[in-house]
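Chain by chain, the residues:
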Amino acid sequence: MSDIREFIRAASGTGGKATLAIRGGRLVNVVSEEIYQADVAIYGERIIAVGDISDYIGPETRIVDATGKYLAPGMIDGHLHVECSKMSLTSFAKAVVPLGTTSIVTGLDQIIVVGGPAAAREFLDEAKQTPLKVFWGAPCKTPYTMPRSTVGHYFSPADHQATHHWPECVGIWETVREFIQEEDADVLAALELAEKSRLPVLGCCPMTRGARLNGYQQSGVRADHESYTPEEMLEKLRAGMHVVVRESSISHFLADNLRIVTEMGVKALRRISFCTDDVVASDILKRGHLDHMVRMAIAMGISPMAAIQMATINGADALRIDDKVGSISPGRAADILLVDDLRNFTIETVVAKGEVVARNGKMAIELIPPQRSVALLNSVKVAPLQPGDLKVAYHGAGETADAMAIAVTPEKIFVRTRRDVTLAVKDGQVLADPARDVQYVTVVERYGKTSNRPVAFASGFGLKQGAIASSTAPDDNNIICIGADLEDMRIAINHLIANHGGQVVVRNGKVEAFLHLPIGGIVSDIEPAEMAALEDQLDDAARALGCPLPWPFMYMFVLQITAIPEYAITDLGVVDCVGLKVISPFSPAGGDERAVAAE
């Protein structure tokens, strides 16, 4: 008997009785926007009845007493690079399911650039053994960089053809505006395949308005998570998009973006949903996850019903998965939260996939990670660096050189500007100037395909000594390193190479802190609390070197993202993200010289 027949019979009262029943609660109906007394009958992983469920109760039905509680749907993170948490899917489930997140939508693009679709398949199969539902968006292509940097796997139209039938596939992920603007052949082919597969297009168009937005929307994009101002978000909403509010660990947009509701008079709240994009364990354990976003929205004056809709049904509608998740309705997944007070939104009990899986912020079941493939545990293939491999060669005359540094500020994490500086030249090499907050920055291609390791300059990191390095760094996950001392940088990079991935702080030739990320060089199976403690150790060690930033490693590892203005660095060198070209660290503003690679 197929599953659907079994569910039909159970729901019709002619088959098996409910396996679990939740009784005595007040239902938050996010579809009809009502709150009323209702019980819920569950069979296996599905809801089979809501309301009077007396006829569905059998002698073996387990009862959950929800007297005095509200019943809200499990929450959906509408756009998440789950690997950027540095936690495996098993570990991530341990962190967020007790907080009420029962579904995520992710491209698994970070593990794809390491190991291709086979690696993504490993992660999706892993998710089946957890209470967390993972909906997958096939990346429009990988990497997202322009010009194209070096990665382990280039996700192509052929990969789209091979994966659109996967049951987890719900759309085309992270359709970067520049790909549409430049009429990238691979991305346009992916969109044609998406149309045939009837998959929605999910966007990525930060700071896109006017004619650029009009051109971008010809791709058929349905939802976008990249609005930097409420005015930008309102323009996208008016242009027909579902708009997704982002509140990540390092980019805090919710309070500003939701001004379109609280100050600008927007009534179309059902077109607004939530995502976190990039979060880390230490932040999740301190602030929460989507539950924190719900509380933030309510504190701004948005009704609890509307805030819960933004975390549930609105995202499901935007992604066309509302037939599966997003509401407490017959036929939907049995993902239900028991909440004491809607305004405080503290979650007491979590039911996911038809089982009680968490109580009072703690997992109620044991989750065991799977065995990992050899390919994912041995993904760093570059040879160790030798003394002298990292330097910035200068072929001009004189004892100084005019250069540019990629500058970051705590206020604008995702906007990197240029800082023009004059630096000393010694023995044909340009020297960083830590006293003036100018450090070296390099990206080492770690897949063994090239010998790329360009060295340039960064500002805003404040390092007076030592180095910090990471092998998890979207969108390429090549090794990125910032330092005041080239030898400490070499030691940091070699430590990551020897351990097949991680994050490290080095000072005076000694490893001060290290987080091992053995799975694809980007994630680990350790417990969320242990991950958070190690993250804090790394950040404290980076601050001891002089770094003033709130999230030193996150500010560093996003430097490889070229989809966000104005400057980035990849294994090709410094990238002008507006001109979409590689430039020299000695280029004047608007210059077009090629980058000077390390010799």
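Residues numbered from 1 in each chain as written. Predicted model: local features only at pLDDT ≥ 70, side-chain atom pairs only at ≥ 80, totals over all residues. Heavy atoms only, no water.

With an unreviewed UniProt entry as reference, the protein chain is termed Adenine deaminase, source organism Ensifer adhaerens. Its UniProt record gives the protein chain the following Cofactor (unreviewed entry) comment, quoted word for word: "Mn(2+)". (UniProt positions renumbered as here; feature names shortened; annotations may be inferred.)

**Some points on the overall build of the protein chain**
Broken down by element type, the protein chain carries 18 helices and 31 strands. Judged by the C-alpha coordinates and their principal axes, the protein chain covers about 90 × 50 × 45 Å. Out of the 599 residues belonging to the protein chain, those deemed buried represent 63%. Surface summary for the protein chain: the accessible area is close to 21200 Å², and the carbon and sulfur share equals 49%. Distance between charge centroids for the protein chain: 2 Å, based on 57 positive and 75 negative side chains. (Helix = DSSP H or I, 4+ residues; strand = E, 2+ residues; numbered from the N terminus. Buried < 20%, exposed > 50% of the residue type's maximum accessible area, 1.4 Å probe, protein only. Areas by Shrake-Rupley, 256 points an atom, 1.4 Å probe, with all protein chains shown as cover. Lys, Arg positive; Asp, Glu negative; His and termini not counted. Charge placed at Lys NZ, Arg CZ, Asp CG, Glu CD.)

**Details of the sheet that holds strand S1 (residues 20–23)**
In space, the 4 strands of this open sheet follow the order S5-S4-S1-S6, with mixed pairing throughout. Both outer strands of the open sheet, strand S5 (46–51) and strand S6 (62–65), are each paired with one neighbouring strand and no more. Across this sheet, the average inter-strand angle for adjacent strands is 20°, counted without regard to direction. (Pairing = 2+ DSSP bridges. Axes fitted to C-alpha atoms, helices over the stretch in contact; angles between N-to-C directions.)

**Quick word on the UniProt feature "domain: Amidohydrolase-related" (unreviewed entry) in the protein chain**
When the UniProt feature table is mapped onto this chain, "domain: Amidohydrolase-related" (unreviewed entry) is found at residues 70–357. Taken end to end, residues 70–357 is 37% helix and 20% strand, and its two terminal C-alpha atoms sit 17 Å from one another.

**A short note on the sheet that holds strand S30 (residues 573–576)**
With antiparallel pairing, the 3 strands of this open sheet are ordered in space as S29-S30-S31. The open sheet is flanked by strand S29 (567–570) and strand S31 (581–583), the only strands paired with a single partner. When the angles between neighbouring strand axes are averaged without regard to direction, this sheet yields 45°. Where S29 and S30 come together, 4 bridges link them in antiparallel fashion. Bridge pairing in S30 links Ile569 to Val574.

**A word on the environment of Ser329**
Among the secondary structure elements, Ser329 is positioned in the loop between helix H14 (313–318) and strand S16 (336–339). On the basis of relative accessibility, which here comes to 15%, the residue Ser329 falls in the buried class. For the pair Ser329 and Ile48, spaced 281 residues apart in sequence, the C-alpha to C-alpha distance is 7.9 Å. Once residues lying within four places of it in the same chain are set aside, the contact partners of Ser329 are Ile47 and Val50. Only 2.8 Å separates the side chain of Ser329 from the side chain of Ser327, close enough to count as a polar contact. (Contact = heavy atoms within 4.5 Å. Polar contact = N/O pair within 3.5 Å; in protein donor to acceptor, adjacent residues only side chain to side chain.)

**Structural notes on the nonpolar core**
Core analysis: the biggest nonpolar cluster contains 155 residues, and Phe92, Leu258, Phe274 and Phe461 have the highest contact counts within it. In terms of residue count, the dominant contributor to this core is helix H3 (residues 109–127) (9 residues). The contacts of Phe461, once residues within four sequence positions are left out, are Val408, Asp437, Gln439, Ile482, Gly546, Cys547, Pro548, Leu549, Pro552, Tyr555, Met556 and Leu559. Judged by nonpolar contacts, the second largest core, of 31 residues, contains Tyr440, Cys481, Ala492 and Phe586. (Core = buried A, V, L, I, M, F, W, Y, C linked by side-chain atoms within 4.5 Å.)

**Focus on the UniProt feature "domain: Adenine deaminase C-terminal" (unreviewed entry) in the protein chain**
Under the feature "domain: Adenine deaminase C-terminal" (unreviewed entry), the UniProt entry names residues 417–577. Split by type, residues 417–577 is 22% helix and 34% strand. Its first and last C-alpha atoms lie 10 Å apart.

**A word on the pattern of salt bridges**
Counted under the stated rule, the structure contains 33 salt bridges. With its nearest N and O atoms 2.8 Å apart, the salt bridge here joins Asp256 to Arg259. A residue is classified by how much of its surface remains accessible, and Asp256, at 29% relative accessible area, is partly exposed. Arg259 gets classed as partly exposed once you look at its relative accessible area, which sits at 26%. Residue Arg436 pairs with Asp433 through a salt bridge whose shortest N-O separation is 2.7 Å. (Salt bridge = Lys/Arg side-chain N within 4 Å of Asp/Glu carboxyl O.)

**So, the packing of aromatic side chains**
Inspection of every chain in the model, using the stated rule, returns 6 aromatic pairs. Aromatic pair Trp136 and Phe155: ring centres 6.3 Å apart, planes at 80°, arrangement edge-to-face. Of this pair, Trp136 sits in strand S10 (residues 133–139) while Phe155 sits in the loop between S10 and helix H4 (157–163); the two residues are 19 residues apart in sequence, bridging distant segments of the chain. When its relative accessible area of 0% is taken as the criterion, Trp136 is described as buried. A residue is classified by how much of its surface remains accessible, and Phe155, at 2% relative accessible area, is buried. Pairwise contacts between aromatic rings join Trp136, Phe155 and Trp166 into one cluster. The ring of Trp166 carries the charged tip of Arg121 above its face, separated from the ring centre by 4.8 Å. The ring of Phe179 has Lys141 lying over it, and the distance from NZ or CZ to the ring centre is 5.2 Å. (Phe/Tyr/Trp six-rings, centres within 6.5 Å; stacked < 30°, edge-to-face > 60°. Lys NZ or Arg CZ within 6 Å of the ring centre and 35° of its normal.)

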